[in-house]
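# Analysis of the macromolecular model
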Amino acid sequence: MGELYGSTIDEARRRIGSSAQLASVEASVRTDGPDAGTRRLRMIAGELEVELLPDRGLDLGQVRHRGVPLAWVSPTGWPRPGAGGFGASFGGGLVTTCGLLSFGPPSVDAEGEHPQHGRYSGLAASVTRAEVAEDAVIVEATVVEATVLGAHLELRRRVRLPFGEGRIELRDEIVNRGARAVEPMVLYHVNLGWPVVDAGSVLHSPAERVAARDAEAEVGLASWAEFPEPVAHYPEQVFAHRLPADRRVAAEVISRAGLGIRISFDTAVLPGMFQWRVAQEGAAVLGVEPATAATILGRADARAKGLLRELAPGAAWELGLDIDVIRDRPVT
């Protein structure tokens, strides 16, 4: 267990009147603006503060460490689900979950119509646990993606903030509650913004090879690792990172000032990773996106390449990420 404000956790507990001085989970409902009526959960574990979005599948909104914002937030914010398409409601935040049946461009198959990056971020979670435990702050919830006579998937999410470690542990279990096999597709869209992302910030990738998605990305392929100076107009660039198989890996983004984020995951269950870069004034964002399939071209492409995996009735997948804050790391 780490430290809080220069003291051990045990020392801190001997000096406080209530654990709420160090850690808490606070529930609220937005009362104004395009997100009026939507729920928020605010997790506080010492120097780490995480905003959770229950009406968006318990995704992560803004995250702050020692008061410094780490996530990129888009101009749309998080309006009520169903308020426009993906481009009008993608709020960013530290983690937007894409799936559970598709990510990438819109597509149609036997499971029905899949909007861009799937339906997940428009689904409301049922919060089942929100508490300060002995060694961490923990929130758990269940999200269901289902259609009548179609696929029926249940995701059980756990977000845990261990005390004194500057870490977010996100764990998902996806259970097939239907009567037939289903082929889930899941991508964790981790969106990093200023001041982590700025000119000179560096992405350290575990990739064996990096490829451009399209002609726009080809322009920046030689410099994919370093974030450029933002300009007035910068078409988005997407790069595919080919990862080593069946091992624990980590991607790191470090700013010139030594502030950064480490994203750790298992390539046995998340074999794909993509990088989304927009170096534009008003939209400087770097996305790091671990995924269950090594294609960003959608469900049809995943099927054609044999990248979809069946989940049998009653069976479950376990997925997840660890996200660690890095302080005072020199850029190399």
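Rules used in this analysis
- Residues numbered from 1 in each chain as written.
- Predicted model: local features only at pLDDT ≥ 70, side-chain atom pairs only at ≥ 80, totals over all residues.
- Heavy atoms only, no water.
- Helix = DSSP H or I, 4+ residues; strand = E, 2+ residues; numbered from the N terminus.
- Rg over C-alpha atoms; globule rule 2.2 N^0.38 Å.
- Buried < 20%, exposed > 50% of the residue type's maximum accessible area, 1.4 Å probe, protein only.
- Contact = heavy atoms within 4.5 Å.
- Areas by Shrake-Rupley, 256 points an atom, 1.4 Å probe, with all protein chains shown as cover.
- Lys, Arg positive; Asp, Glu negative; His and termini not counted.
- Charge placed at Lys NZ, Arg CZ, Asp CG, Glu CD.
- Phe/Tyr/Trp six-rings, centres within 6.5 Å; stacked < 30°, edge-to-face > 60°.
- Lys NZ or Arg CZ within 6 Å of the ring centre and 35° of its normal.
- 1 Å grid on protein atoms, 1.4 Å probe; cavity = no way out; pocket = protein on both sides within 12 Å on 5 of 7 lines; lining within 4 Å.
- Points joined across faces, edges and corners; volume = space filled by probe spheres on them.
- Nonpolar A, V, L, I, M, F, W, Y, C, P; charged D, E, K, R; others polar.
- Salt bridge = Lys/Arg side-chain N within 4 Å of Asp/Glu carboxyl O.
- Pairing = 2+ DSSP bridges.
- Polar contact = N/O pair within 3.5 Å; in protein donor to acceptor, adjacent residues only side chain to side chain.
- Axes fitted to C-alpha atoms, helices over the stretch in contact; angles between N-to-C directions.

## Examining the overall build of the chain
- Within the chain one finds 4 helices and 23 strands.
- Taking 2.2 N^0.38 as the reference for a compact globule, 332 residues should give roughly 20 Å; the C-alpha atoms of the chain span a radius of gyration of 19 Å, in line with that estimate.
- Taking the principal axes of its C-alpha atoms as reference, the chain extends roughly 60 × 45 × 45 Å.
- Counting every position in the chain, which comprises 332 residues, the buried fraction comes to 52%.
- Considering only contacts in the chain between residues 6 or more positions apart, those separated by 24 or more positions represent 62%.
- Accessible surface computed for the chain: about 14200 Å², of which carbon and sulfur atoms make up 50%.
- Distance from the positive charge centre (35 side chains) to the negative charge centre (44 side chains) of the chain: 2 Å.

## Notes on the packing of aromatic side chains
- Tallied over the entire structure, the rule returns 4 aromatic pairs.
- Seen from their ring centres, Trp72 and Phe90 are 6.3 Å apart, and the 45 degrees between their planes marks the pair as tilted. On the criterion of sequence distance, the pair formed by Trp72 in the loop between strand S7 (68-69) and helix H2 (86-89) and Phe90 in the loop between H2 and strand S8 (95-98) is long-range, its members being 18 residues apart. The exposure classification of Trp72 matches that of Phe90, with both residues buried.
- Between Phe86 and Phe90, the aromatic rings sit 4.8 Å apart at their centres with planes inclined by 20 degrees, giving stacked as the arrangement.
- Taken together, the aromatic side chains of Trp72, Phe86, Phe90 and Trp276 make up a single cluster linked through ring pairs.
- Looking at Arg309, its charged tip hangs above the ring of Trp317, at a distance of 4.1 Å from the centre.

## Quick notes on empty space enclosed by the protein
- For the structure shown, the criterion picks out 1 cavity of 30 Å³ or more.
- There is about 40 Å³ of room inside the largest cavity.
- Looking at the lining of the largest cavity residue by residue, the classes come out as 4 nonpolar, 1 polar and 4 charged.

## What about the pattern of salt bridges?
- The final tally for this structure, using the stated rule, is 34 salt bridges.
- For Asp10, the salt bridge identified is with Arg13, shortest N-O distance 3.8 Å. Placement of the pair is Asp10 and Arg13 together in helix H1 (residues 9-13), with a separation of 3 residues, close to one helical turn.
- Under the relative-accessibility criterion, Arg13 is labelled partly exposed at 32%.

## What about the pairing of strand S18 (residues 237-242)?
- Of the strand pairs in this sheet, strand S17 (residues 209-212) and S18 are connected by 4 bridges, and their pairing is antiparallel. By the bridge assignment for S18, Ala211 is matched with Ala240.
- With 6 bridges connecting them, S18 and strand S21 (residues 272-280) associate as antiparallel partners. Opposite Val238, over in S21, you have Trp276 as the bridge partner.

## Remarks on the side chain of His189
- Tracing the backbone shows His189 in strand S15 (residues 187-192).
- At 3.1 Å, the side chain of His189 forms a polar contact with the side chain of Glu289.
- Setting aside residues no more than four positions away along its own chain, His189 makes contact with Phe90, Leu94, Val95, Thr96, Cys98, His117, Trp276, Val288 and Glu289.

## Considering the sheet that holds strand S19 (residues 248-254)
- Here 8 strands make up an open sheet; going across it, the order is S11-S12-S13-S14-S23-S20-S19-S16 and the pairing antiparallel. Of all the strands in the sheet, just strand S11 (126-132) and strand S16 (202-204) have a single pairing partner and so form its edges. Between one strand axis and the next, the sheet turns through 15 degrees on average, direction left out of account.
- Sheet topology places strand S14 (residues 167-176) next to strand S23 (residues 316-326); 9 bridges connect them, and they run antiparallel. For Arg171, the partnering residue across the bridge sits in S23 and is Gly320.

## A short note on the environment of Ala293
- Following the sequence through the fold, Ala293 ends up in the loop between strand S22 (283-291) and helix H4 (299-304).
- For Ala293, a relative accessible area of 1% puts it in the buried group.
- Apart from residues no more than four positions distant in its own chain, Ala293 is found in contact with Phe103, Met185, Gly272, Phe274 and Leu307.

## Some remarks on the side chain of Ser121
- Examined against the element boundaries, Ser121 turns out to sit in the loop between strand S10 (112-114) and S11.
- When sequence neighbours within four positions are dropped, the list of residues in contact with Ser121 reads Asp55, Arg56, Asp59, Thr96 and Thr97.

## So, the pairing of S19
- Where burial is concerned, most of S19 is hidden: 5 out of the 7 residues are buried.
- Pairing of S16 with S19 involves 3 bridges; the strand directions are antiparallel. Directly across from Val202, in S19, lies its bridge partner Ile254.
- Bridge count for S19 against strand S20 (residues 260-266) is 7 bridges, and the pairing is antiparallel. Pairing of Val253 across the sheet is with Ile261, part of S20.
- With antiparallel pairing between neighbouring strands as the criterion, S19 and S20 make up a hairpin whose turn holds 5 residues, including Gly258 at a positive phi of roughly 90 degrees.

The analysis is restricted to geometry; functional conclusions fall outside its scope.
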